[in-house]
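Read off the chains here:
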Amino acid sequence: MSRRRHAAGGRTPAPHRLTGTETAVIIVIVLTSTVLAWGGMDSGTVLQLLAGAGLIAVGAVVTLRFGRRIPLSLPTV
């Protein structure tokens, strides 16, 4: 896929790549769920934990990505 230039002449932004911290968190979540499944925990419970971790991650990404664009008006004292 070739990169197109915007009408203003700028380049398209590079896709987001995982940082070391993000990769480590994903590995820890997957390893923890694997250990819990091998330890005898019900697979439904393990899937619920994974779904909860995924929802928290999506919420954090949305908050960090779009939260900066909205100006925060603090009350003056």
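See the structure above.
In what follows, the accompanying structure is described.

About the thresholds
- Residues numbered from 1 in each chain as written.
- Predicted model: local features only at pLDDT ≥ 70, side-chain atom pairs only at ≥ 80, totals over all residues.
- Heavy atoms only, no water.
- Helix = DSSP H or I, 4+ residues; strand = E, 2+ residues; numbered from the N terminus.
- Buried < 20%, exposed > 50% of the residue type's maximum accessible area, 1.4 Å probe, protein only.
- Areas by Shrake-Rupley, 256 points an atom, 1.4 Å probe, with all protein chains shown as cover.
- Axes fitted to C-alpha atoms, helices over the stretch in contact; angles between N-to-C directions.
- Parallel < 35°, antiparallel > 145°, perpendicular 65-115°, else oblique.
- Left-handed = near helix turned anticlockwise from the far one by under 90°.
- Contact = heavy atoms within 4.5 Å.
- 1 Å grid on protein atoms, 1.4 Å probe; cavity = no way out; pocket = protein on both sides within 12 Å on 5 of 7 lines; lining within 4 Å.
- Points joined across faces, edges and corners; volume = space filled by probe spheres on them.
- Nonpolar A, V, L, I, M, F, W, Y, C, P; charged D, E, K, R; others polar.
- Patch = residues over 30% accessible without salt bridge, like charges linked within 9 Å, V, L, I, M, F, W, Y side chains within 5 Å.
- Salt bridge = Lys/Arg side-chain N within 4 Å of Asp/Glu carboxyl O.
- Polar contact = N/O pair within 3.5 Å; in protein donor to acceptor, adjacent residues only side chain to side chain.

**Remarks on the overall build of the protein**
Scanning the protein for helices and strands turns up two helices and zero strands. Counting the 77 residues in the protein, one finds 3% classified as buried. When the accessible surface of the protein is split by element, carbon and sulfur atoms take 68% of a total near 7,200 Å².

**With respect to the packing of helix 1 (residues 20-38) against helix 2 (residues 43-67)**
Between helix 1 and helix 2, whose axes approach to 10 Å, the crossing angle comes to 165 degrees. Relative to helix 2, the element helix 1 lies roughly antiparallel. In this structure, helix 1 crosses over helix 2, and the sense of that crossing is right-handed. Judged by residue contacts, Ile-29, Ser-33, Leu-36 and Ala-37 of helix 1 engage Val-46, Leu-49, Leu-50 and Ala-53 from helix 2.

**Considering the layout of surface pockets**
The volume enclosed by the largest pocket comes to roughly 540 Å³. Of all the secondary structure elements, the ones that give two or more residues to the lining of the largest pocket are helix 1 and helix 2. Residue contributions to the lining of the largest pocket peak at nine residues, all from helix 2. The class makeup of the residues in the lining of the largest pocket is eleven nonpolar, two polar and three charged.

**What about a nonpolar patch on the surface?**
On the surface, Val-25, Ile-29, Leu-47 and Leu-50 cluster together into a nonpolar patch covering about 320 Å² of accessible area. If you list the elements that add at least two residues to the nonpolar patch, you get helix 1 and helix 2. Mapped onto the fold, Leu-47 is located in helix 2. Judged by its relative accessible area of 56%, Leu-47 is exposed.

**What about the side chain of Ser-33?**
Structurally, Ser-33 can be placed in helix 1. In this structure Ser-33 comes out as buried when scored by relative accessible area, which is 11%. A polar contact of 2.8 Å, which involves the side chain of Ser-33, links it to the backbone oxygen of Val-30. Those residues in contact with Ser-33 that sit more than four places away from it in its chain are Val-46 and Leu-50.

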